[in-house]
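Chain residues, written in single-letter form:
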Amino acid sequence: MLCRYLYRSITLIKPNDPELTNIYALARSRNADFNITGCLHLEDGVFYQWIEGPSQDLDMIMNLILADKKHSNLEILSSGPSLNRRFGGWSMAAPVSGKEALFEFLATNRISKYQRKLFLDGILTYMVKYT
Ligand SMILES: Cc1cc2nc3c(=O)[nH]c(=O)nc-3n(C[C@H](O)[C@H](O)[C@H](O)COP(=O)(O)O)c2cc1C
């Protein structure tokens, strides 16, 4: 069954840190082996990741991510079965947002974090828009 997670976590890794390049490289290579796709965005010390794939392999990868000391306070924002992939073809996309940060995008679209569904949809829309 195809499932997905959207989570956020706290990190000390900066956007220009080589550690971030390593995370994408490792994620892309392992995800490709397990038919996992998704998108990873870093902003202001917060990771946002959408990750999708066959439930068993997805849970295996999620357990690796959960145990990873490179971030903390991981909070799953949404999870469950999916009808379709949102990032098919991307073993782990990195949004190229130019000058628009996720929080500017949400503010421009008048989305507050208290409007839970709109907020979660907004994160995904931003990821899709800039991938
Ligand atoms: C924010 C973040 C996202 C990650 N995403 C993935 C991922 O999508 N796929 C993956 O295999 N590893 C991902 N990783 C890496 C894993 O957490 C873990 O470090 C790695 O799988 C361990 O591999 P190793 O035991 O072979 O060193 C991510 C790590 C971080 C910090």
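Source: prediction; values computed, not measured.

Cut-offs used in this document
Residues numbered from 1 in each chain as written. Predicted model: local features only at pLDDT ≥ 70, side-chain atom pairs only at ≥ 80, totals over all residues. Heavy atoms only, no water. Near = heavy atom within 4 Å. Polar contact = N/O pair within 3.5 Å; in protein donor to acceptor, adjacent residues only side chain to side chain. 1 Å grid on protein atoms, 1.4 Å probe; cavity = no way out; pocket = protein on both sides within 12 Å on 5 of 7 lines; lining within 4 Å. Sits in = over half its atoms within 2 Å of the grid points. Helix = DSSP H or I, 4+ residues; strand = E, 2+ residues; numbered from the N terminus. Nonpolar A, V, L, I, M, F, W, Y, C, P; charged D, E, K, R; others polar. Core = buried A, V, L, I, M, F, W, Y, C linked by side-chain atoms within 4.5 Å. Buried < 20%, exposed > 50% of the residue type's maximum accessible area, 1.4 Å probe, protein only. Contact = heavy atoms within 4.5 Å. Points joined across faces, edges and corners; volume = space filled by probe spheres on them. Expected span 1.5 Å × (residues − 1). Arc of directions from axis to C-beta.

1. Comments concerning the site of the ligand
Turning to step 1, where the next piece is worked out: For the ligand, the set of nearby residues contains 17 residues, the closest of which are Ala-27, Arg-30, Asn-31, Gln-49 and Asp-68.
Turning to step 2, where the next piece is worked out: The separation between a nitrogen atom of the ligand and a polar side-chain atom of Asn-31 is 2.8 Å.
Turning to step 3, where the next piece is worked out: Leu-64 is positioned such that a nitrogen or oxygen atom in its backbone is 3.4 Å from an oxygen atom of the ligand.
Turning to step 4, where the next piece is worked out: Counting atoms within 2 Å of the grid points, the majority share of the ligand lands in the largest pocket.
Turning to step 5, where the next piece is worked out: Taken together, the elements giving at least two residues each to the shell around the ligand come down to α1 (18-34), β3 (46-54) and α2 (55-67).
Turning to step 6, where the next piece is worked out: With 5 residues, the single largest contributor to the shell around the ligand is α1.
Turning to step 7, where the next piece is worked out: For the shell around the ligand, the per-class residue count stands at 11 nonpolar, 3 polar and 3 charged.

2. Brief notes about the nonpolar core
Turning to step 1, where the next piece is worked out: Within the largest apolar cluster, 19 residues are counted, with the highest numbers of intra-cluster contacts made by Leu-6, Phe-87, Ile-123 and Met-127.
Turning to step 2, where the next piece is worked out: With 6 residues, the single largest contributor to this core is helix α4 (residues 116-129).
Turning to step 3, where the next piece is worked out: Among residues more than four places away in sequence, those in contact with Leu-6 are Gln-49, Trp-50, Glu-75, Ile-76, Leu-77, Ser-78, Leu-120, Ile-123 and Met-127.

3. What about the layout of surface pockets?
Which parts of space are left empty comes out when a probe the size of a water molecule is rolled across the atoms.
Turning to step 1, where the next piece is worked out: By volume, the largest pocket is sized at about 390 Å³.
Turning to step 2, where the next piece is worked out: Around the largest pocket, the lining comprises 18 residues; the ones closest to its centre are Ile-23, Leu-26, Ala-27, Ile-65 and Asp-68.
Turning to step 3, where the next piece is worked out: Elements with a minimum of two residues in the lining of the largest pocket: α1, β3 and α2.
Turning to step 4, where the next piece is worked out: No other element matches α1, which puts 6 residues into the lining of the largest pocket.
Turning to step 5, where the next piece is worked out: A volume near 230 Å³ is recorded for the second largest pocket.
Turning to step 6, where the next piece is worked out: Together, 13 residues line the second largest pocket, and Arg-4, Trp-50, Arg-86, Asp-121 and Leu-124 are the ones closest to its centre.
Turning to step 7, where the next piece is worked out: Counting only elements with at least two residues in the lining of the second largest pocket, the list comes to β1 (2-10), β4 (72-81) and α4.
Turning to step 8, where the next piece is worked out: Broken down by element, the residue count for the lining of the second largest pocket peaks at 4 residues, all from α4.
Turning to step 9, where the next piece is worked out: Each residue belonging to the lining of the second largest pocket can be placed in one class, and the counts come to 6 nonpolar, 3 polar and 4 charged.

4. A few points about α1
Turning to step 1, where the next piece is worked out: With 17 residues, α1 extends 25 Å between its outermost C-alpha atoms, agreeing within 8% with the 24 Å of an ideal straight helix rising 1.5 Å per residue.
Turning to step 2, where the next piece is worked out: Those residues of α1 lying buried are Leu-20, Ile-23, Tyr-24, Ala-27 and Asn-31. Taken around the axis of α1, the buried residues stretch over an arc of 95 degrees, which confines them to a single face. In α1, the exposed positions that point more than 90 degrees away from the buried face belong to Pro-18, Thr-21, Leu-26, Ala-32 and Asp-33.
Turning to step 3, where the next piece is worked out: Against the buried residues of α1 lie β2 (37-43), β3 and α2.
Turning to step 4, where the next piece is worked out: Put simply, Asp-17 is the residue that caps the front of α1, since its side-chain oxygen is 2.9 Å from the backbone nitrogen of Glu-19.
Turning to step 5, where the next piece is worked out: A positive phi of about 60 degrees marks Asn-35, the residue just after α1.

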